[in-house]
Amino acid sequence: MTASQIQAPITVPTGPAGRAMAEPMSAEMLDLMEAHLNLERQSAADYFAAAVWFAERELTGFAEHLRDEAKQEEQHAAKFADYLISRGQRPVLDTIEPPRQQWTGVEQVIANVFRMEADVTASVLQLYNTAEKDIDRRTTVFLDPIVDGQRLSEHEAAYLLGRVKFAAGNPAAVMIIDAELREDEAEPAKLEG
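Model, not experiment: these values are computed from the prediction. (Residues numbered from 1 in each chain as written. Predicted model: local features only at pLDDT ≥ 70, side-chain atom pairs only at ≥ 80, totals over all residues. Heavy atoms only, no water.)

(A) Examining the overall build of the protein chain more closely. Per the secondary structure count, the protein chain includes five helices and zero strands. Reading the secondary structure of the protein chain in the N-to-C direction produces α-α-α-α-α. By principal-axis analysis of the C-alpha atoms, the protein chain measures approximately 90 × 40 × 25 Å. A total of 193 residues make up the protein chain; the buried ones form 39% of that total. A separation of at least 24 residues holds for 79% of the contacts in the protein chain among residues at least 6 apart in sequence. Put simply, the protein chain shows about 11400 Å² of open surface, and 55% of that area lies on carbon and sulfur atoms. Here the protein chain holds 18 positive side-chain charges and 33 negative ones, and the gap between their average locations is 3 Å. (Helix = DSSP H or I, 4+ residues; strand = E, 2+ residues; numbered from the N terminus. Buried < 20%, exposed > 50% of the residue type's maximum accessible area, 1.4 Å probe, protein only. Contact = heavy atoms within 4.5 Å. Areas by Shrake-Rupley, 256 points an atom, 1.4 Å probe, with all protein chains shown as cover. Lys, Arg positive; Asp, Glu negative; His and termini not counted. Charge placed at Lys NZ, Arg CZ, Asp CG, Glu CD.)

Here you go:
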């Protein structure tokens, strides 16, 4: 065998779980990603608790809507876990807090929903800013559709809060909103046509 036929072994960097990774992720980005994954898990628990609150009051449209939102938050957490694994990382799951289950009324529950969506949006934007600072194009590409989806989630929560505030606790108006949610007919106005 000649020297030109002998080749050095190919080495591939690996992450904490031993999985191959093409590009390392900064420690700050990893910490923020794991925090966001756990924020999505917490949001799922909070949404489900709100769904229970509405189910207890026979407001099935609100209950079903918030149950579906809880499932979406679980899917978002799974998407972040999948992404971390694809980058050779080992997602760390933290303990989530017991969700709030007592409310003074519909408006307070939906105000909390809006606050949760605003918090998730802020977290996603912090991830995006860190990815840009790190020149981590893999992460910015991953986050692009998430940023827009989160903007829409926040918009829909603001719409629902506006409708509930306008109802001003009137049971008949709350029942109309509940029916719209049950029939999947509750959505913000669209001026672009």
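(B) Representation of the packing of aromatic side chains within the structure. With the rule as written, the count across this model stands at four aromatic pairs. Considering the side-chain rings of Phe 80 and Phe 142, the 5.2 Å spacing of their centres and the 85° angle between planes classify their relative orientation as edge-to-face. With Phe 80 in helix H2 (residues 60–86) and Phe 142 in helix H4 (residues 137–167), the pair connects residues that are 62 residues apart, well separated along the chain. The exposure class assigned to Phe 80 is buried, which follows from its relative accessible area of 1%. Overall, Phe 142 belongs to the buried group, its relative accessible area being 15%. Aromatic pair Tyr 83 and Phe 142: ring centres 4.0 Å apart, planes at 10°, arrangement stacked. Residue Tyr 83 is located in helix H2, and its partner Phe 142 is located in helix H4; the two are separated by 59 residues in the primary sequence. The burial state of Tyr 83 is the same as that of Phe 142; both residues are buried. (Phe/Tyr/Trp six-rings, centres within 6.5 Å; stacked < 30°, edge-to-face > 60°.)

(C) View of the nonpolar core. Formed by 24 residues in total, the largest nonpolar core has its most connected members in Phe 54, Phe 62, Val 106 and Ile 110. Sorting the residues of this core by element identifies helix H1 (27–56), H2, helix H3 (106–133), H4 and helix H5 (171–182) as the ones contributing at least two each. When sequence neighbours within four positions are dropped, the list of residues in contact with Ile 110 reads Phe 54, Phe 62, Ala 157, Leu 160, Leu 161 and Val 164. (Core = buried A, V, L, I, M, F, W, Y, C linked by side-chain atoms within 4.5 Å.)

(D) Broad picture of H3. In this model H3 runs 41 Å from its N-terminal to its C-terminal C-alpha over 28 residues, within 8% of the 40 Å that 1.5 Å per residue would give. Following H3 by one or two positions, Ile 135 has its phi on the positive side, about 50°. (Expected span 1.5 Å × (residues − 1).)

(E) Up close: the side chain of Asp 46. Position of Asp 46 among the secondary structure elements: in helix H1. One buried charged residue, Asp 46, forms no salt bridge at all, with the nearest opposite charge on Arg 115 at 5.0 Å. With residues up to four places along the chain from it excluded, the contact list for Asp 46 reads Pro 99, Arg 100 and Met 116. (Salt bridge = Lys/Arg side-chain N within 4 Å of Asp/Glu carboxyl O.)

(F) Highlighting the pattern of salt bridges. Using the criterion set out here, one finds twelve salt bridges in the structure. A salt bridge links Glu 187 to Lys 190; its shortest N-O distance comes to 3.6 Å.

(G) Focus on unusual backbone geometry. Positive phi is not limited to glycine here, since Ile 135 has a value of about 50°. Note that Ile 135 resides in the loop between H3 and H4. Even without a glycine there, the phi angle at Ala 168 is positive, about 50°. Note on placement: Ala 168 falls in the loop between H4 and H5. Using a relative accessible area of 61% as the deciding quantity, one classes Ala 168 as exposed.

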